[in-house]
Every structure is written in C-alpha cells, then in structure tokens.
Amino acid sequence: MTPQTLFYILIAILVINFIFVKILDSLNAKHFNDEIPENLKDVYEEEEYKKSQAYKKTNHRFGNINSLFSIVLTLAFFFLDGFEIVDNIARSYTDNNILIALIFFGIIMIGSDILSTPFSYYRTFVIEEKFGFNKTTKKTFIVDKIKGVFMTAILGGGILSL
C-alpha cells in the first residue's frame, strides 16, 4: 500500500464518518419538536420539556457549526501538509523518538485546544447561560483549561512515553 493510498483512505474515513454522524444527528433533530410522549407526561412538566427541546435545538445547530469547522480544519491540515510541518518542528528539537512524539502530540493538542476554546467559551457562556444552566465563572473556565493542559501533559505524556 502506497503512502498516497493510505492518505486517501484516511481522508475517506474522516469524510464518511462526518457524513454518517451528521445524518444520525439530523434524524435525531427531527424529533426536537415532538410533544411529550404519553408515558412521560406525568414525569415532565410541559414548560420544562419545551425548554429541554429548545436547548437540544440550539446545541444541535451549534454542534453542526463546530463539527463543520473541525472537519474543514482537519482536512486542510491533511492537504496542506500540516502534520509534516509539525513533525519537522518536533524533529528539529531532538533525535530521540519518544521526545519527538511528545513534542509532536503536544503541538497538536495545544493547537487543537486553542482553536476549540472559543467554541467551548460560547457553549458555556452563551448557550448554557441562555438556558440557565451555566454555573461557571470566567475565572473557573480559565483555571479548568489550565488544569486540563497540565493533566493532558502529565497523563498523555506519561502514556506516550511508555
């Protein structure tokens, strides 16, 4: 199998998975306007159920934007040789294969986290706030992000170095 064949297999897997997930999401979204099922009418109050459905719709729309951004960015990274560039950066620091892997994945994870932070922020402070679910302060959000970076570095780095 040539590297080019493998490249296109990976691209096909990514695109097919994206399409499959979007089809399933759309099938689920068709039911966001359904009435409360008869067997649950005594469990849910009408107003709470409608709020829940509106929350699902909002998250569905936002999730579509988020996942489209993600797939476009991933495909661009593949086609513009982003992984090769990151690999060359990692190799410019050391010849040790373990350290190369740690640097490579570190760069990828930090880049991914930086690009996903605005989406997380919007979900937490706009969507969750709109529906009254947000209990997070901006300080807590930032501290949690920092903790997440350290935990990923410690656990992920430890696992990668095995």
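These numbers come from a predicted model, not from an experiment.

Here we take up the overall build of the protein. What the protein contains, in helices and strands, is five helices and zero strands. Each helix (α) and strand (β) of the protein, taken in turn from the N terminus, gives the series α-α-α-α-α. Its C-alpha atoms give the protein a radius of gyration of 21 Å, more than 25% over the compact-globule value 15 Å for 162 residues. Over its C-alpha atoms, taken along the principal directions, the protein stretches across nearly 65 × 40 × 25 Å. Among the 162 residues that make up the protein, the fraction classed as buried is 20%. Nonlocal contacts in the protein, meaning residues at least 24 apart in sequence, comprise 60% of its contacts between residues at least 6 apart.

The subject of this paragraph is the packing of helix 4 (residues 97-130) against helix 5 (residues 138-160). Remark: helix 4 packs on helix 5, axes separated minimally by 11 Å, with the N-to-C direction vectors making an angle of 155°. What the angle tells us is that helix 4 and helix 5 run roughly antiparallel. Regarding helix 4 and helix 5, the two cross each other, and that crossing is right-handed. Only Lys138, Phe141, Lys145, Val149, Thr152, Gly157 and Leu160 of helix 5 make contact with helix 4, whose side of the interface consists of Ala101, Leu102, Phe105, Met109, Asp113, Ser116, Thr117, Ser120, Tyr121, Thr124 and Phe125. Partitioning the contact of helix 4 with helix 5 into residue classes produces nine nonpolar, six polar and three charged.

Let us now look at helix 2 (residues 46-79). Spacing of three or four residues puts side chains on the same side of an α-helix, whose turn is 3.6 residues. With 34 residues, helix 2 should cover 50 Å at 1.5 Å per step; its first-to-last C-alpha distance of 49 Å lies within 8% of that length. Among the residues of helix 2, those classed as buried are Tyr49, Gln53, Tyr55, Thr58, Asn59, His60, Phe62, Gly63, Ser67, Ile71, Leu75 and Phe78. Asp81 lies just past helix 2 and shows a positive phi near 60°.

A separate point is the side chain of Thr94. Along the chain, Thr94 turns up in the loop between helix 3 (82-93) and helix 4. For Thr94, a relative accessible area of 17% gives the class buried. Only 3.1 Å separates the side chain of Thr94 from the backbone nitrogen of Asn96, close enough to count as a polar contact.

Membership of the largest hydrophobic core is limited to five residues, which are Tyr55, Phe62, Phe119, Ile127 and Phe131. Apart from the residues lying within four places of it in its own chain, the contact partners of Tyr55 are Ile127, Glu128, Phe131 and Phe133.

Relative orientation of the contacting elements helix 1 (residues 3-29) and helix 2 amounts to 175°, with a least axis distance of 11 Å. Looking at the two axes, helix 1 sits roughly antiparallel to helix 2. Residue-level contacts link Phe7, Tyr8, Leu10, Ile11, Leu14, Val15, Phe18, Lys22, Asp25, Ser26 and Ala29 of helix 1 to His60, Gly63, Asn64, Ser67, Leu68, Ile71, Thr74, Leu75, Phe78 and Phe79 of helix 2. Across the contact of helix 1 with helix 2, the residue classes tally to 13 nonpolar, six polar and two charged.

Another aspect to go through is the pattern of salt bridges. Close approach of charged atoms allows side chains with opposite charge to pair. The full count for this structure, using the stated rule, is four salt bridges. For Glu46, the salt bridge goes to Lys50, with nearest N and O atoms at 3.8 Å. Remark: Lys50 and Glu46 occur in helix 2; sequence separation between them is four residues, near one turn of the helix. Looking at Glu46, the relative accessible area reads 37%, which means it is partly exposed.

Reading guide: rules and limits
- Residues numbered from 1 in each chain as written.
- Predicted model: local features only at pLDDT ≥ 70, side-chain atom pairs only at ≥ 80, totals over all residues.
- Heavy atoms only, no water.
- Helix = DSSP H or I, 4+ residues; strand = E, 2+ residues; numbered from the N terminus.
- Rg over C-alpha atoms; globule rule 2.2 N^0.38 Å.
- Buried < 20%, exposed > 50% of the residue type's maximum accessible area, 1.4 Å probe, protein only.
- Contact = heavy atoms within 4.5 Å.
- Axes fitted to C-alpha atoms, helices over the stretch in contact; angles between N-to-C directions.
- Parallel < 35°, antiparallel > 145°, perpendicular 65-115°, else oblique.
- Left-handed = near helix turned anticlockwise from the far one by under 90°.
- Nonpolar A, V, L, I, M, F, W, Y, C, P; charged D, E, K, R; others polar.
- Expected span 1.5 Å × (residues − 1).
- Polar contact = N/O pair within 3.5 Å; in protein donor to acceptor, adjacent residues only side chain to side chain.
- Core = buried A, V, L, I, M, F, W, Y, C linked by side-chain atoms within 4.5 Å.
- Salt bridge = Lys/Arg side-chain N within 4 Å of Asp/Glu carboxyl O.

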